[in-house]
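Per-entry structural report
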Amino acid sequence: MKGLYTILLLITSNIFMTFAWYGHLKLQQAKVINNWPLFGVILFSWGIALFEYCAQVPANRIGFVGNGGPFSLIQLKILQEVITLTVFMLFSTLFFKSESLNWNHAVSCLCLVTAVYFAFK
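A brief report on the enclosed structure follows. (Residues numbered from 1 in each chain as written. Predicted model: local features only at pLDDT ≥ 70, side-chain atom pairs only at ≥ 80, totals over all residues. Heavy atoms only, no water.)

Description of the overall build of the protein chain
- A tally of regular secondary structure across the protein chain gives four helices and zero strands.
- Residue burial in the protein chain is summarised as follows: out of 121 residues, 29% are buried.
- Contacts spanning at least 24 positions in sequence make up 71% of the contacts within the protein chain whose residues lie at least 6 apart.
- For the protein chain, the accessible surface area stands at approximately 8,000 Å², while carbon and sulfur atoms represent 73% of it. (Helix = DSSP H or I, 4+ residues; strand = E, 2+ residues; numbered from the N terminus. Buried < 20%, exposed > 50% of the residue type's maximum accessible area, 1.4 Å probe, protein only. Contact = heavy atoms within 4.5 Å. Areas by Shrake-Rupley, 256 points an atom, 1.4 Å probe, with all protein chains shown as cover.)

Some details on the layout of surface pockets
- Here the largest pocket defines a volume of roughly 180 Å³.
- Every element with two or more residues in the lining of the largest pocket is listed here: helix H1 (2-29) and helix H3 (73-95).
- Sorting elements by how many residues they give to the lining of the largest pocket places H3 first, with four residues. (1 Å grid on protein atoms, 1.4 Å probe; cavity = no way out; pocket = protein on both sides within 12 Å on 5 of 7 lines; lining within 4 Å. Points joined across faces, edges and corners; volume = space filled by probe spheres on them.)

Looking at unusual backbone geometry
- In this model, Lys-31 sits at a positive phi of 65°, which is unusual for a non-glycine residue.
- Relative to the assigned elements, Lys-31 resides in the loop between H1 and helix H2 (38-63).

A look at the packing of aromatic side chains
- Counting across every chain of the model gives 10 aromatic pairs.
- Ring centres 5.6 Å apart and planes at 75° place the aromatic pair Phe-19 and Phe-95 in the edge-to-face group. Taken together, the positions of Phe-19 in helix H1 and Phe-95 in helix H3 put the pair 76 residues apart, joining distant regions of the chain.
- Ring centres 5.9 Å apart and planes at 90° place the aromatic pair Phe-71 and Phe-120 in the edge-to-face group. Of this pair, Phe-71 sits in the loop between H2 and H3 while Phe-120 sits in the segment after helix H4 (103-119); the two residues are 49 residues apart in sequence, bridging distant segments of the chain.
- Since its relative accessible area comes to 35%, Phe-120 is described here as partly exposed.
- Aromatic rings pair up to connect Phe-19, Phe-91, Phe-95 and Phe-96 into one cluster. (Phe/Tyr/Trp six-rings, centres within 6.5 Å; stacked < 30°, edge-to-face > 60°.)

Let's talk about the nonpolar core
- Core analysis: the largest hydrophobic core is formed by seven residues, namely Leu-10, Ala-59, Phe-71, Leu-76, Leu-79, Ile-83 and Val-87.
- Sequence-distant contacts of Leu-79, defined by excluding residues within four places in its chain, comprise Ile-7, Leu-10, Phe-71 and Phe-120. (Core = buried A, V, L, I, M, F, W, Y, C linked by side-chain atoms within 4.5 Å.)

Digging into the pattern of salt bridges
- In this structure the tally under the stated criterion is one salt bridge.
- In this structure, Lys-77 engages Glu-81 in a salt bridge whose closest nitrogen and oxygen atoms are separated by 2.8 Å. Placement of the pair is Lys-77 and Glu-81 together in helix H3, with a separation of four residues, close to one helical turn.
- Note on Lys-77: relative accessible area 48%, which makes it partly exposed. (Salt bridge = Lys/Arg side-chain N within 4 Å of Asp/Glu carboxyl O.)

Structure below.
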């Protein structure tokens, strides 16, 4: 169950991270925060990122083999990167209609999924 909890927390963490890093761009496009100073946008993103950390830190503690979890440190990092990519691809295609996934993006994703395979061998 620790592996499942870790993955669910990593997904949650990455949803918040993606909104913290890129959500303000969508809000700017929607003219919600287009007049905000950069420092205000940074503070807004930090507020969202707090929730990212509230999921990321427990995910790493629960999942790390040194704490009784099923994943090595390298496996945790590779999992996190693939989850980040997956969440970002969903986010960008759902919220930014001007962005499109091309064949080279698919090949890049396949390379990362292959990296996960080899990390767990």
